[in-house]
Amino acid sequence: MSRPRFVVYGAGAVGGVIGACLHQHDYDVMLIARGAHFGAMRDSGLRLRSAQGDDTVRVPVVDSPRTAGISTNDVVLLAEKSQDTAGVLAELSAVAPRSTPVVCVQNGVANERAALRYFDDVYGVCIVLPAVHLEPGVVEASAAPVTGLLDIGRFPRGRDDVAQQVADAFNASTFESVVRDDIMRWKYRKLLNNLSNALDALCGAGARRGTVQERLLEEGMACLQAAGIEFVAEAEDRERRGDRLQFDSAAARSRPGASTWQSMARGVAIEADFLNGEIVMLGQLHDVPTPVNRALLELVNEAARAGRPPGSFELDEVIRIVLGNESSERERGGYPAE
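Rules and cut-offs
- Residues numbered from 1 in each chain as written.
- Predicted model: local features only at pLDDT ≥ 70, side-chain atom pairs only at ≥ 80, totals over all residues.
- Heavy atoms only, no water.
- pLDDT = per-residue confidence, 0-100.
- Contact = heavy atoms within 4.5 Å.
- 1 Å grid on protein atoms, 1.4 Å probe; cavity = no way out; pocket = protein on both sides within 12 Å on 5 of 7 lines; lining within 4 Å.
- Points joined across faces, edges and corners; volume = space filled by probe spheres on them.
- Helix = DSSP H or I, 4+ residues; strand = E, 2+ residues; numbered from the N terminus.
- Nonpolar A, V, L, I, M, F, W, Y, C, P; charged D, E, K, R; others polar.
- Phe/Tyr/Trp six-rings, centres within 6.5 Å; stacked < 30°, edge-to-face > 60°.
- Buried < 20%, exposed > 50% of the residue type's maximum accessible area, 1.4 Å probe, protein only.

**Some thoughts on the confidence of the model for the protein chain**
Mean pLDDT for the protein chain: 92, with 93% of residues reaching 70 or above. This stretch, residues 325-337, has a pLDDT under 50; its non-local contacts, to residues over four places away or in other chains, come to 34 contacts.

Right, dumping it as structure tokens:
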């Protein structure tokens, strides 16, 4: 295919940073956003904060796929949260040809299968992209010089020219992208890493450690194994990340929290049902106990519904709630928020 236009559906932390970086590197980009964020970008452009400074990116933005004029020459980068995917796909499929490539730049593992009901060419992206969106019209990229890792592959497996073309665009726009035949193996590993997003949201930065995180991972891996789902080993994942994103940089340390933390800070719906909830569902299907993921899921959902701000729980309090009388010993380790 000829060089495509990228239609980024969901211009929050991930979608906004990706769209801004692509536009900065001379790719044709259109953003789809809503509400105050749409209004701010329409009126004043998208402000991108990064380690290189601030830049106002004048990227075209619309508030509906109906006004985006989507054609088969476009590639849709779906960057909405998983809980919004069903509604987004219904809107998108009403105006976009079925042959439009749809690239799921999202956490969780349910989006690609949902998109395949509406579109023939669906791709998954394993996102390792520390970014922030807390105010209308502004996004922040926390890592440098590589902004993020965005490996891509066809769903459910394989590669093609579209995947390579999207990877090439990412690689030319401050990201690092590898085309993979087994992208879902990587996305299931990312799902395991994201199980502690709820800890980050409830207790703040630094909570991704210790007994609770270990139990979350143990339950997650047990469910994936019982379901016969392959996932990348921790060592391979760490090797892929290496020090490419410089998580210890000042920019990365300034990031207040991961995606669930940011959703709670903005008072919008959180995606825990598609992270910890995915493991709870698999446990139900394959008779694997998931008490820690279930308890943490219930707690973070209750906190979000009540409008509690992120970081309003003490880690020891969460440990008592989700582990009962088990040890509350805190241990080092775990992944940085992303």
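**Quick look at empty space enclosed by the protein**
Enumeration according to the criterion identifies 2 cavities of 30 Å³ or more in this entry. Lining the largest cavity we find C126, V128, L149, D151, W186, D237, R240 and R241. For the lining of the largest cavity, the elements supplying multiple residues, two or more each, are β8 (122-128), β11 (148-154) and α9 (234-241). Counted by class, the lining of the largest cavity contains 4 nonpolar, no polar and 4 charged residues. In this model, the second largest cavity occupies a volume close to 30 Å³. Residue lining of the second largest cavity: Q106, N107, G108, V125, C126, I127, K187, K190, L191 and N194, and that is the complete set.

**So, the packing of aromatic side chains**
Given two aromatic rings, their pairing is described by the distance between the two centres and the angle made by the two planes. Applying the stated criterion to the full structure yields 2 aromatic pairs. Ring geometry for F6 against Y27: centres 6.0 Å apart, planes inclined by 65 degrees, an arrangement best described as edge-to-face. Taken together, the residues F6 in strand β1 (residues 5-9) and Y27 in the loop between α1 (13-24) and β2 (29-32) connect sequence positions 21 residues apart. Both residues of the pair, F6 and Y27, belong to the buried class. Summarising the aromatic geometry, the rings of F170 and F175 are spaced 6.1 Å apart at their centres and angled 70 degrees between planes, so their arrangement reads as edge-to-face. Judged by relative accessible area, F170 falls into the buried class, the value being 0%. Given the relative accessible area of 4%, F175 is considered buried.

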